[in-house]
Amino acid sequence: MSRLVLMSLLLVACAPKSGSWQSLGEVERTSPSLHGVADQRLRDLMLKIDSLVMSEKEMTEIQRDLYRKKYTQKIRESAQMISNNAAAVRASLPFLPLNTTQQAAFLILADRMEVQARNIENLAAANHSDQIPDVLNPLAVTCRACHQLFRVQ
Amino acid sequence: MRRLATGTMSLGLSLLTLPGPARATDEELKVLLKTLSQQVQQLNDRVNHLEQELAQERQVRTRATVSPGLAASSTQGSVGSMAKPSPQEALVANSRPAASGPGWGTTPDKAFKPNTVGDIKGSIKIPGTDTSLAIGGYAKLDAVFSNVGAFGSAYGDQYLMLATIPVKAARLGENSQTTLHAKESRFWFKSYTPSAYGDINTYLEFDLYGAADSYLPRLRHAYGSMGGFLGGQTWTTFLNQSAIPETLDVGSSVGLGNLRQPMIRWSQPFKLFGVPLEFQAAAESPGTRLALREVPALFAPNDDRYPDFIARFKYDSEWGNLTLAGMARQIRYAPSVGPVLAQWGGAASLAGKINTIGLDNIRFSLSFGNVLGRYISLGSFGDASMDAAANTLRLNNTYGAMLSYQHWWDSQWRSTVAYGFVQSNLARFANADLSTQGQSVHVNLLWSPVVYATFGLEYIYATRNVESGIYGDLQRVQFSSRFNF
């Protein structure tokens, strides 16, 4: 059975884009998911924070701190949006035609997304923006992996 | 069993926590998919195994002679519920990770540093106090090749200083010169202490431009602030420093009011029709600069009576910021013999930084006034023209403009194109060799392979016109490396 699951996972992951619900519970979306948008925003905000050091050499460090605080607050809000969205992702489970093994994988990825988003939220709340990239990259991998498995991009 | 299943899945998915690029690549996803599938298979095997064990255990229990009380508790307790959970309940319960469990990336407990960390980035807290301290800066090398050297000015060879672009005979013997220096290297120190009256910040910053031919430290910033109050030396309130384009040349574009000086400043945020704005009022250090008739140099009489008064409104938004500033100054000369010459004048500035696509941005600055001379283009112009013999002082109308665009090719490579213009209308009697107009173009390509290192190449073209109508130009190529710490 597990071989069958593996085969179907691989087939669907590699299948061309198709419409409506698929056997593995894929759903076609014309717009990006809410947490996908928030994830991209996190990435943009981190770039903005980096650019303060790279590109704004005429700012005093105190001015940079003000901008860092501002951007970090926005990171916190975006991370909050992602972690709150995890509940909605889980709630969609009953509507997906998944078998129990696939459901397990789906929930694990949803939980993983929530935990990683909460980590970012906590780091942002503590104003530790320099540590956020360590958590941000694995979060992107989680989102991407889940979308590739269960959602037509 | 739930724990085992969760643990197995968690372990399998823990591979997802491996550091990787921001976006999962196809290869990475294939590995993840494979790992996930293997772990699901292992999970199934494990569940089958445990179910067999459970069935055996039940058989043993039914056969065994036990007390009625113990049998009841076993049936109603965890064994019974483990045997037949609803599929949904089981999955949800099994998949819940412990926040600090293994394989879930950076956990909150692990992520936060101990209490020695200060309240601001990269700082340490002084034990027993609320004060956080931090130091930083960068080491920068500038290699500058100029088609013509600045006549008699080492500074002019190190950065664009409009007044030192040679004209006429001063160009002779100055062709094709190279300079290497590390004078822009900076060191800063800051502290932060929360208080009932607002955050207390102090900031000190130095570079090595203290002397033209040696490496003496020069104070760039030295100020403290508490809540809305600031006292010390920093960028003039008249300048919107976020409008300064990113150039390797520390002299930057002409047409900008890039001046740092001592001041007392109050900042007050407020709302107008629901729009958040900031108002700043400052009294800044005065310093009259006069264009004389006799010599082609600016004269600083040091006779100022009143500070320069500056007020500024700032609008800061997601798309960038805008500032509108106004200034009133008295230009004053009090000779030991003869009447005091003094006049009040004003200036205004509109400047901003507007974010366009991604990290791209437009920066601009427009300024105009009759006391703008000292505030623009590194003090290349006089605030007024003076004919001491005739007891005449005339304020110089001065205009400055700068427009730049910064494009980020990707998160490491970026370019800036900046154009600047400045014009100062001197009195007819002013010395004919004094600067009246300048233009500059900066074009660069910068690369930051990591956040704390930047390499770049810049081309600079600048012209300078003097009162007599002749002009000189300068072409320069500059390579720089900068390492922040």
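The rules behind these values
- Residues numbered from 1 in each chain as written.
- Chains lettered and ligands numbered in written order.
- Predicted model: local features only at pLDDT ≥ 70, side-chain atom pairs only at ≥ 80, totals over all residues.
- Heavy atoms only, no water.
- Helix = DSSP H or I, 4+ residues; strand = E, 2+ residues; numbered from the N terminus.
- Buried < 20%, exposed > 50% of the residue type's maximum accessible area, 1.4 Å probe, protein only.
- Contact = heavy atoms within 4.5 Å.
- Areas by Shrake-Rupley, 256 points an atom, 1.4 Å probe, with all protein chains shown as cover.
- Polar contact = N/O pair within 3.5 Å; in protein donor to acceptor, adjacent residues only side chain to side chain.
- Pairing = 2+ DSSP bridges.
- 1 Å grid on protein atoms, 1.4 Å probe; cavity = no way out; pocket = protein on both sides within 12 Å on 5 of 7 lines; lining within 4 Å.
- Points joined across faces, edges and corners; volume = space filled by probe spheres on them.
- Nonpolar A, V, L, I, M, F, W, Y, C, P; charged D, E, K, R; others polar.
- Core = buried A, V, L, I, M, F, W, Y, C linked by side-chain atoms within 4.5 Å.
- pLDDT = per-residue confidence, 0-100.
- Patch = residues over 30% accessible without salt bridge, like charges linked within 9 Å, V, L, I, M, F, W, Y side chains within 5 Å.
- Salt bridge = Lys/Arg side-chain N within 4 Å of Asp/Glu carboxyl O.

It is worth spelling out the overall build of chain A at this point. The number of helices and strands found in chain A is five helices and two strands. Reading the secondary structure of chain A in the N-to-C direction produces α-β-α-α-α-α-β. When burial is assessed residue by residue, chain A has 60% of its 153 residues classed as buried. Considering only residue pairs separated by 6 or more positions, chain A has 71% of its internal contacts joining residues 24 or more positions apart. Only carbon and sulfur atoms are counted for the fraction: they give 59% of the accessible area of chain A, which is about 6,100 Å².

Residues and elements named next belong to chain A. Assignment of secondary structure puts Ser83 in helix 3 (residues 61-91). A polar side-chain atom of Ser83 sits 3.1 Å from a polar atom in the side chain of Arg118. For Ser83, the residues in contact, after removing those within four places along its chain, are Glu114, Ala117, Arg118 and Glu121.

We now examine the pairing of strand 8 (residues 260-272) of chain B. All names here are of chain B. As paired strands, strand 7 (residues 229-235) and strand 8 are joined by seven bridges and run antiparallel to one another. Note that in strand 8 the partner of Gly231 across the bridge is Ile264. As paired elements, strand 8 and strand 9 (residues 275-284) share ten bridges and run antiparallel to each other. Each residue of the ladder has a partner; that of Leu272, found in strand 9, is Val275. The antiparallel pairing of strand 8 with strand 9 creates a hairpin that spans two residues between the two strands, and Phe273 there sits at a positive phi of about 50°.

As a further point, take unusual backbone geometry. Residues and elements named next belong to chain B. With a phi close to 50°, Ser377 is a non-glycine residue in the positive phi region. Checked against the element boundaries, Ser377 lands in the loop between strand 15 (361-369) and strand 16 (384-387). Even without being glycine, Asn391 reaches a positive phi, approximately 50°. In this structure, Asn391 sits in the loop between strand 16 and strand 17 (392-395). Overall, Asn391 belongs to the partly exposed group, its relative accessible area being 42%.

Its volume calculated, the largest pocket comes out at about 1,200 Å³. Lining the largest pocket we find 39 residues, and of these A:Gln63, A:Leu66, B:Ser267, B:Glu278 and B:Gln280 sit closest to its centre. At seven residues, the largest contribution of residues to the lining of the largest pocket is made by helix 3 of chain A. Each residue belonging to the lining of the largest pocket can be placed in one class, and the counts come to 14 nonpolar, 16 polar and nine charged. Each pocket or cavity is described by its volume, and for the second largest pocket that value is around 950 Å³. Along its surface, the second largest pocket is lined by 44 residues, and B:Tyr159, B:Met161, B:Leu378, B:Gly379 and B:Ser380 are the ones closest to its centre. For the lining of the second largest pocket, the secondary-structure elements that each account for two or more residues are strand 6 (218-226), strand 7 and strand 11 (298-299) of chain B. Looking at the lining of the second largest pocket, the element that brings in the most residues is strand 6 of chain B, giving three residues.

All names here are of chain B. Relative to strand 2 (residues 132-148), strand 1 (residues 124-125) runs antiparallel, the two sharing two bridges. Bridge assignment links Ile124 to a residue of strand 2, and that residue is Leu133. As paired elements, strand 2 and strand 4 (residues 186-193) share seven bridges and run antiparallel to each other. Within the sheet, the bridge partner assigned to Gly137 lies in strand 4 and is Phe187. Across nine bridges, strand 2 lies against strand 22 (residues 471-484) in antiparallel orientation. The partner of Ala139 across the bridge, within strand 22, is Phe483.

Attention shifts here to empty space enclosed by the protein. Here the idea is plain: a probe the size of a water molecule rolls over the atoms and shows the empty space left. By the definition in use, this model includes eight cavities of 30 Å³ or more. Together, 24 residues line the largest cavity, and A:Lys48, A:Glu56, A:Tyr71, B:Lys353 and B:Asn355 are the ones closest to its centre. For the lining of the largest cavity, the residue count by class is six nonpolar, ten polar and eight charged.

This next bit is on the nonpolar core. One finds A:Ile75, A:Phe106, A:Ile120, A:Ile132 and A:Phe150 to be the most contacted residues of the largest nonpolar core, which totals 36 residues. At the level of secondary structure, the elements contributing two or more residues to this core comprise helix 2 (34-55), helix 3, helix 4 (100-125) and helix 5 (132-150) of chain A together with helix 2 (26-63) of chain B. With ten residues, the top contributor of residues to this core is helix 4 of chain A. Contacts of A:Ile75, omitting those with residues within four sequence positions, involve A:Leu42, A:Leu45, A:Met46, A:Ile49, A:Ile120, A:Ala124 and A:Ile132.

Residue and element names in this part refer to chain B. The strand order across the open sheet formed by four strands is 11-10-16-17, and the pairing between neighbours is mixed. Single-partner strands in this sheet number two, and they are strand 11 and strand 17. Summarising the sheet, strand 10 (residues 290-292) and strand 16 pair through three bridges and their orientation is parallel. Bridging across to strand 16, Ala291 finds its partner in Ser385.

Here the focus is the confidence of the model for chain B. Residues and elements named next belong to chain B. Considering every residue of chain B, the mean pLDDT works out to 82; 82% of them sit at 70 or more. In this model residues 1-23 is a low-confidence stretch, pLDDT under 50, and it forms 52 contacts with partners more than four residues away in sequence or in other chains. Segment residues 65-116 is flagged for pLDDT under 50; beyond a separation of four residues in sequence, or across chains, it makes 76 contacts in the model. Both scores are available for the predicted complex, with the pTM at 0.74 and the ipTM at 0.71.

Residues and elements named next belong to chain B. Among the surface-exposed residues, Leu141, Phe145, Leu180, Val417, Val443, Leu457, Tyr459, Val477 and Phe479 lie close enough to one another that they form a single nonpolar patch of about 740 Å² accessible area. Elements represented by at least two residues in the nonpolar patch include exactly strand 2, strand 21 (453-466) and strand 22. Here Leu457 is to be found in strand 21.

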